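Residue strings, one per chain:
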Amino acid sequence: MKKILLFLLLFAAIDAIAQEATDSIPDWFKNPPTSSRKFYGAGEGNSPYLDIAEKKAMLNANLRLAEQVNKPKTKEIKNKTKTVTGQDNEQTIQRTVVEAKLKGVTVIKKAVLQKGDKYIVYVLVEMKK
């Protein structure tokens, strides 16, 4: 039991060192770095669960990288329906797709903010051009 407790404390300490706790949006998130040799992507994710907030932040950061590698393609989908009274109803949905191969993506900064029962995670990733 002592070994398990020691392991959990050690793991928590390592995890705390790897990420910075913050009480505001980090500057590196607002103004990601630029470089002629690397792509940078900043992402934000929020959830009542820390792991889900981290995954959302990574998805958003990877999307920012992909948008720099390939131009996003937008497609419009029109949906036509008739109401019970016979009126035509039309909705247009825009779908944006980005196709890119991301290799060697590295998290260089990560910050966690907790507001009430919700976690907000900010990540900054980089990838060689």
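This text follows the structure it describes.
A brief report on the enclosed structure follows. (Residues numbered from 1 in each chain as written. Predicted model: local features only at pLDDT ≥ 70, side-chain atom pairs only at ≥ 80, totals over all residues. Heavy atoms only, no water.)

**Describing the overall build of the chain**
Then comes step 1: Scanning the chain for helices and strands turns up three helices and six strands.
Then comes step 2: In the chain, the order of α-helices and β-strands from amino to carboxyl end is α-β-α-β-α-β-β-β-β.
Then comes step 3: In the chain, buried positions account for 22% of the 129 residues.
Then comes step 4: Considering only contacts within the chain whose residues lie at least 6 apart along the sequence, 58% involve residues at least 24 apart.
Then comes step 5: Element-wise, carbon and sulfur atoms account for 54% of the exposed surface of the chain, whose accessible area totals about 10000 Å². (Helix = DSSP H or I, 4+ residues; strand = E, 2+ residues; numbered from the N terminus. Buried < 20%, exposed > 50% of the residue type's maximum accessible area, 1.4 Å probe, protein only. Contact = heavy atoms within 4.5 Å. Areas by Shrake-Rupley, 256 points an atom, 1.4 Å probe, with all protein chains shown as cover.)

**Notes on the environment of Leu-124**
Then comes step 1: Mapping Leu-124 onto the fold places it in strand 6 (residues 118-128).
Then comes step 2: Taking the C-alpha atoms as reference points, Leu-124 and Lys-109, separated by 15 residues in sequence, lie 5.0 Å from one another.
Then comes step 3: Sequence-distant contacts of Leu-124, defined by excluding residues within four places in its chain, comprise Trp-28, Pro-32, Pro-33, Tyr-40, Gly-41, Ala-42, Thr-106, Val-107, Ile-108 and Lys-109.

**A closer look at the pairing of strand 5 (residues 106-115)**
Then comes step 1: Two strands pair when backbone bridges link them, and strand 5 and strand 6 are joined in this way by nine bridges, in the antiparallel orientation. Bridged to Val-107 within strand 6 is Val-125.
Then comes step 2: The hairpin turn running from strand 5 into strand 6, its antiparallel successor, is two residues long, and Gly-116 in that turn takes a positive phi close to 65°. (Pairing = 2+ DSSP bridges.)

**Points about the pattern of salt bridges**
Then comes step 1: What the rule picks out here adds up to five salt bridges.
Then comes step 2: A salt bridge links Glu-54 to Lys-110; the shortest N-O distance between them is 2.9 Å. One end of the pair, Glu-54, is in helix 3 (residues 50-69); the other, Lys-110, is in strand 5, and 56 residues separate them in sequence.
Then comes step 3: Between Glu-67 and Arg-64 there is a salt bridge, with the nearest N and O atoms lying 3.3 Å from each other. Of this pair, Glu-67 and Arg-64 both sit in helix 3, separated by three residues, roughly a single helical turn.
Then comes step 4: Judged by relative accessible area, which is 33%, Glu-67 ranks as partly exposed. (Salt bridge = Lys/Arg side-chain N within 4 Å of Asp/Glu carboxyl O.)

**Remarks on the pairing of strand 3 (residues 73-82)**
Then comes step 1: Here strand 3 lies mainly on the outside; zero of its ten residues are buried.
Then comes step 2: Counted between consecutive antiparallel strands, the loop separating strand 3 from strand 4 (residues 88-97) contains five residues, among which Gly-86 sits at a positive phi close to 95°.

**A word on the nonpolar core**
Then comes step 1: Phe-39, Ala-53, Ala-57, Ala-61, Leu-65, Val-112, Val-121, Val-123, Val-125 and Met-127 together form the largest nonpolar core, which totals ten residues.
Then comes step 2: Going through the elements one at a time, helix 3 and strand 6 are the ones with two or more residues in this core.
Then comes step 3: Core analysis: the second largest hydrophobic core is formed by nine residues, Trp-28, Ala-111, Ile-120 and Tyr-122 among them. (Core = buried A, V, L, I, M, F, W, Y, C linked by side-chain atoms within 4.5 Å.)

**Brief notes about the environment of Gln-94**
Then comes step 1: Mapped onto the secondary structure, Gln-94 falls in strand 4.
Then comes step 2: Along the chain, Gln-94 and Lys-78 lie 16 residues apart, while their C-alpha atoms are 8.8 Å from each other.
Then comes step 3: Ignoring any residue separated from it by four or fewer positions in sequence, one finds Gln-94 in contact with Thr-74, Lys-75 and Glu-76.
Then comes step 4: One polar contact links Gln-94 to Glu-76, side chain to side chain, over a distance of 3.3 Å. (Polar contact = N/O pair within 3.5 Å; in protein donor to acceptor, adjacent residues only side chain to side chain.)

The values are spatial; any link to function lies outside them.
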